[in-house]
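Inside the fold
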Amino acid sequence: MNEVKEKQFVLPGDKIIESMDYLPGKNCYRDGNTIYSKRVGLVYVKNRVINIVPLAGIYVPEAGDMVIGEIKDIQYSGWVVDINSSYSAFLPLSGVRSYIDPLKTDMAKIYNIGDFIYTKITLISTLKTAYLTMKDKSTRKLIAGRIIKISPVKVPRVIGKHGSMINLIKEKTGCRMIVGQNGVIWIDGGDINK
């Protein structure tokens, strides 16, 4: 029986394994009995699902991702949001916690151009648009603080195993910190000299 070589370096089109015992996950695909890589990266296996962790690349949104975005435009039916991706993103009025009547409400008082939000992706359309929601309990408007952008593939390293790295950073600096899966980080407070 074939075995997958964990942490093996692969290029797009490289054969990972010829077996029906595994399922293709992120950044790989099956052709017949063989699983191939779609990206430059490292092979990881979890519960018989093969994933490729890319070494570089842009953020490709998926439903359920928590991201930090900047409000870029206000429209009658919602807000256009930059989520650091080639995909466009939209926060519809139905994605806000309370009912908003656009005829009676100045939408800029809720989210104005230049505001940053921590939001959840609910749906990816076939037109490469990510639809967002602010109804999740962890979503919020980010007030004050600083925004830092890193490569989205480095996000797991910033968070660490079971949140170990991000908790260490918070503990040592005394800051509040939110890391979006899109490579955008919000930091507020703390001692920058530590």
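Scroll up for the structure.
Since the structure is predicted, the reported quantities are computational estimates derived from the model, not experimental observations. (Residues numbered from 1 in each chain as written. Predicted model: local features only at pLDDT ≥ 70, side-chain atom pairs only at ≥ 80, totals over all residues. Heavy atoms only, no water.)

Below, the discussion takes up the environment of Lys128. Along the chain, Lys128 falls in the loop between strand E11 (116–124) and strand E12 (129–133). Given a relative accessible area of 49%, Lys128 falls into the partly exposed group. Taking the C-alpha atoms as reference, Lys128 lies 18 Å from Lys26; in sequence the two are 102 residues apart. Leave out the neighbours within four places in its chain, and Lys128 touches Tyr87 and Ser88. (Helix = DSSP H or I, 4+ residues; strand = E, 2+ residues; numbered from the N terminus. Buried < 20%, exposed > 50% of the residue type's maximum accessible area, 1.4 Å probe, protein only. Contact = heavy atoms within 4.5 Å.)

For the largest pocket, the calculated volume is near 1300 Å³. The wall of the largest pocket is formed by 32 residues, among which Lys26, Val53, Pro54, Pro152 and Pro156 lie closest to the centre. A class-by-class count of the residues in the lining of the largest pocket yields 21 nonpolar, 3 polar and 8 charged. (1 Å grid on protein atoms, 1.4 Å probe; cavity = no way out; pocket = protein on both sides within 12 Å on 5 of 7 lines; lining within 4 Å. Points joined across faces, edges and corners; volume = space filled by probe spheres on them. Nonpolar A, V, L, I, M, F, W, Y, C, P; charged D, E, K, R; others polar.)

Within soluble globular proteins, side chains that are nonpolar generally end up buried alongside one another. Residues Trp79, Val81, Ile83, Leu91 and Tyr111 are the most contacted members of the largest nonpolar core, which totals 18 residues. When contributions to this core are tallied by element, the ones reaching two or more residues are strand E8 (66–75), strand E9 (78–82), strand E10 (88–92), E11 and E12. Setting aside residues no more than four positions away along its own chain, Val81 makes contact with Gly69, Glu70, Ile71, Lys72, Ala89, Leu91, Ile117 and Leu132. Ranked by size, the runner-up nonpolar core spans 10 residues in total, among them Val10, Ile17, Tyr22 and Val43. (Core = buried A, V, L, I, M, F, W, Y, C linked by side-chain atoms within 4.5 Å.)

Where burial is concerned, most of strand E16 (residues 184–188) is hidden: 4 out of the 5 residues are buried. Two elements, strand E14 (residues 146–149) and E16, share 4 bridges in a ladder whose sense is antiparallel. In the strand pairing of E16, Ile147 is matched with Trp186. Across 4 bridges, strand E15 (residues 176–179) lies against E16 in antiparallel orientation. For Val179, the partnering residue across the bridge sits in E16 and is Ile185. What sits between E15 and E16 in their antiparallel hairpin is a turn of 4 residues, with Gly183 showing a positive phi close to 85°. (Pairing = 2+ DSSP bridges.)

On to the sheet that holds strand E6 (residues 41–46). Pairing within the open sheet is mixed, and its 4 strands lie in the order E1-E6-E7-E3. Edge strands, defined here as strands with exactly one partner in the open sheet, are strand E1 (9–10) and strand E3 (23–24). With 2 bridges connecting them, E1 and E6 associate as antiparallel partners. Paired with Phe9 across the two strands is Leu42, which belongs to E6.

Now for the pattern of salt bridges. Opposite charge on two side chains lets them pair, provided their charged atoms get close. Within the structure shown, the criterion is met by 6 salt bridges. The closest approach of N and O atoms between Asp115 and Lys141, which form a salt bridge, is 3.2 Å. Of the two residues, Asp115 sits in the loop between E10 and E11 while Lys141 sits in strand E13 (residues 140–142), which places them 26 residues apart along the sequence. Residue Lys141 is classed as partly exposed on the basis of its relative accessible area of 32%. Between Asp136 and Lys120 there is a salt bridge whose closest N-O contact spans 3.5 Å. One end of the pair, Asp136, is in the loop between E12 and E13; the other, Lys120, is in strand E11, with 16 residues separating them in the sequence. On the basis of relative accessible area, Asp136 is assigned to the partly exposed category, the value being 22%. (Salt bridge = Lys/Arg side-chain N within 4 Å of Asp/Glu carboxyl O.)

Considering all chains together, one arrives at 3 aromatic pairs under this definition. Consider the rings of Trp79 and Tyr111, whose centres lie 5.2 Å apart with planes at 85°: the pair is edge-to-face. Taken as a pair, Trp79 in strand E9 and Tyr111 in the loop between E10 and E11 lie far apart in primary sequence, 32 residues in all. Of the residues examined, Tyr111 reaches a relative accessible area of 9% and is grouped as buried. (Phe/Tyr/Trp six-rings, centres within 6.5 Å; stacked < 30°, edge-to-face > 60°.)

In short, shape yes, function no, at least from these values alone.
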